[in-house]
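Read off the chains here:
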Amino acid sequence: GGGGGGGARVLCEMPALSSRRERVRKEGLIALTADYVRQRSEKLAVETQFRVQNYTVPLHRPAEFSLSAVYGFGRQRAKRLAAEVGLHGAYPLNRMRESQRSYIRRALAAACVNYDDPAQAAGAALQKEVSLNIKRLKEIRCYRGIRHELRLPSRGQRTKGNARTRRRMGPLN
């Protein structure tokens, strides 16, 4: 066992080395139920990620990289959002204050449902905007729209030797 000496003055009481030993002494050698383990881990659990729409944003990476998991948030836009909170440089999200993290979470959620202003949109709102733009190009039968329909490059790349990625999908949408 541990603990201080008999008559000597105890400066600091050492914590028990293992909680398992006491548990075995009290309850005998028993298996841990899944509920018990889950309950213990929930107490100790620190959030490792959060979800915005159907995107999972990891917290162990700097804002610049982790926010780019959301469609429409690249490194520059993520940096700008982190700077709004007052963070510069490589600073992981899990080392931020809770208020800063909640501000970022709210900003991401707002951008993902911002259907009226495409410049500020992200996520599903931005994807919808892009698909509507492409649909409009197809409907007016302009060159770019036809290239989209035929699944060919629409920005002037050569198609003799390359454009494999675009052509592999076939002409049907």
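The text that follows walks through the structure, step by step, so that each part is easy to find. (Residues numbered from 1 in each chain as written. Predicted model: local features only at pLDDT ≥ 70, side-chain atom pairs only at ≥ 80, totals over all residues. Heavy atoms only, no water.)

### What to know about the packing of helix H4 (residues 75-85) against helix H5 (residues 98-112)
At their nearest, the axes of H4 and H5 sit 10 Å apart, and the two run at 135° to each other. Relative to H5, the element H4 lies oblique. Once H4 is placed against H5, the crossing between them reads as right-handed. The segment H4 lies against H5, with Arg-77, Leu-81, Glu-84 and Val-85 engaging Gln-100, Tyr-103, Ile-104, Ala-107 and Ala-111. For the contact of H4 with H5, the residue count by class is 6 nonpolar, 1 polar and 2 charged. (Axes fitted to C-alpha atoms, helices over the stretch in contact; angles between N-to-C directions. Helix = DSSP H or I, 4+ residues; strand = E, 2+ residues; numbered from the N terminus. Parallel < 35°, antiparallel > 145°, perpendicular 65-115°, else oblique. Left-handed = near helix turned anticlockwise from the far one by under 90°. Contact = heavy atoms within 4.5 Å. Nonpolar A, V, L, I, M, F, W, Y, C, P; charged D, E, K, R; others polar.)

### Description of the environment of Gln-100
For Gln-100, the position within the fold is in helix H5. You can call Gln-100 buried: its relative accessible area is 8%. With 14 residues separating them along the chain, Gln-100 and Gly-86 place their C-alpha atoms 8.5 Å apart. Not counting residues within four places of it along the chain, the set of residues in contact with Gln-100 comprises Val-85 and Leu-87. (Buried < 20%, exposed > 50% of the residue type's maximum accessible area, 1.4 Å probe, protein only.)

### A word on H5
Helical geometry: 3.6 residues make up each α-helical turn, so side chains three or four residues apart lie on a common side. Between its first and last C-alpha, H5 extends 21 Å over 15 residues, near the 21 Å set by a 1.5 Å rise per residue. By the burial criterion, the buried members of H5 are Gln-100, Arg-101, Ile-104, Leu-108, Ala-111 and Cys-112. Buried residues of H5, viewed axially, fall in a sector of 105°; they line one side. (Expected span 1.5 Å × (residues − 1). Arc of directions from axis to C-beta.)

### So, unusual backbone geometry
Phi is positive for Arg-141, which is not a glycine, with a value near 55°. For Arg-141, the position within the fold is in the loop between helix H6 (123-139) and helix H7 (143-149).

### Things to note about the packing of aromatic side chains
Scanning the model with the defined rule gives 0 aromatic pairs in all. In this arrangement the basic side chain of Arg-77 is found over the ring face of Phe-73, its NZ or CZ atom lying 4.2 Å from the centre. When the ring centre of Tyr-91 is taken as reference, the NZ or CZ atom of Arg-95 above it lies at 4.6 Å. (Phe/Tyr/Trp six-rings, centres within 6.5 Å; stacked < 30°, edge-to-face > 60°. Lys NZ or Arg CZ within 6 Å of the ring centre and 35° of its normal.)

### Comments concerning H4
Of all the residues in H4, the buried ones are Arg-77, Ala-78, Leu-81, Ala-82 and Val-85. Within H4, the buried residues cover an arc of 140° as seen down the axis, which keeps them to one side. Of the exposed residues in H4, those oriented more than 90 degrees away from the buried face are Gln-76 and Arg-80. Here the buried face of H4 lies against helix H3 (63-66) and H5. One or two steps after H4, the chain reaches Gly-86, where phi turns positive at roughly 100°.

### A few points about the side chain of Glu-64
Along the chain, Glu-64 falls in helix H3. Looking at Glu-64, its side chain comes within polar contact range of the side chain of Arg-75, at 2.7 Å. Not counting the four nearest positions on each side in its chain, Glu-64 is found in contact with Arg-75, Ala-78 and Lys-79. (Polar contact = N/O pair within 3.5 Å; in protein donor to acceptor, adjacent residues only side chain to side chain.)

### Things to note about the pattern of salt bridges
Using the criterion set out here, one finds 3 salt bridges in the structure. A salt bridge links Glu-64 to Arg-75; its shortest N-O distance comes to 2.7 Å. Here Glu-64 is found in helix H3, whereas its partner Arg-75 is found in helix H4, with 11 residues between them in sequence. Two residues, Arg-141 and Glu-149, come together in a salt bridge whose shortest N-O distance is 2.6 Å. Taking relative accessible area as the criterion, Arg-141 reaches 48% and is therefore assigned partly exposed. Classification of Glu-149 by relative accessible area gives partly exposed; the value is 27%. (Salt bridge = Lys/Arg side-chain N within 4 Å of Asp/Glu carboxyl O.)

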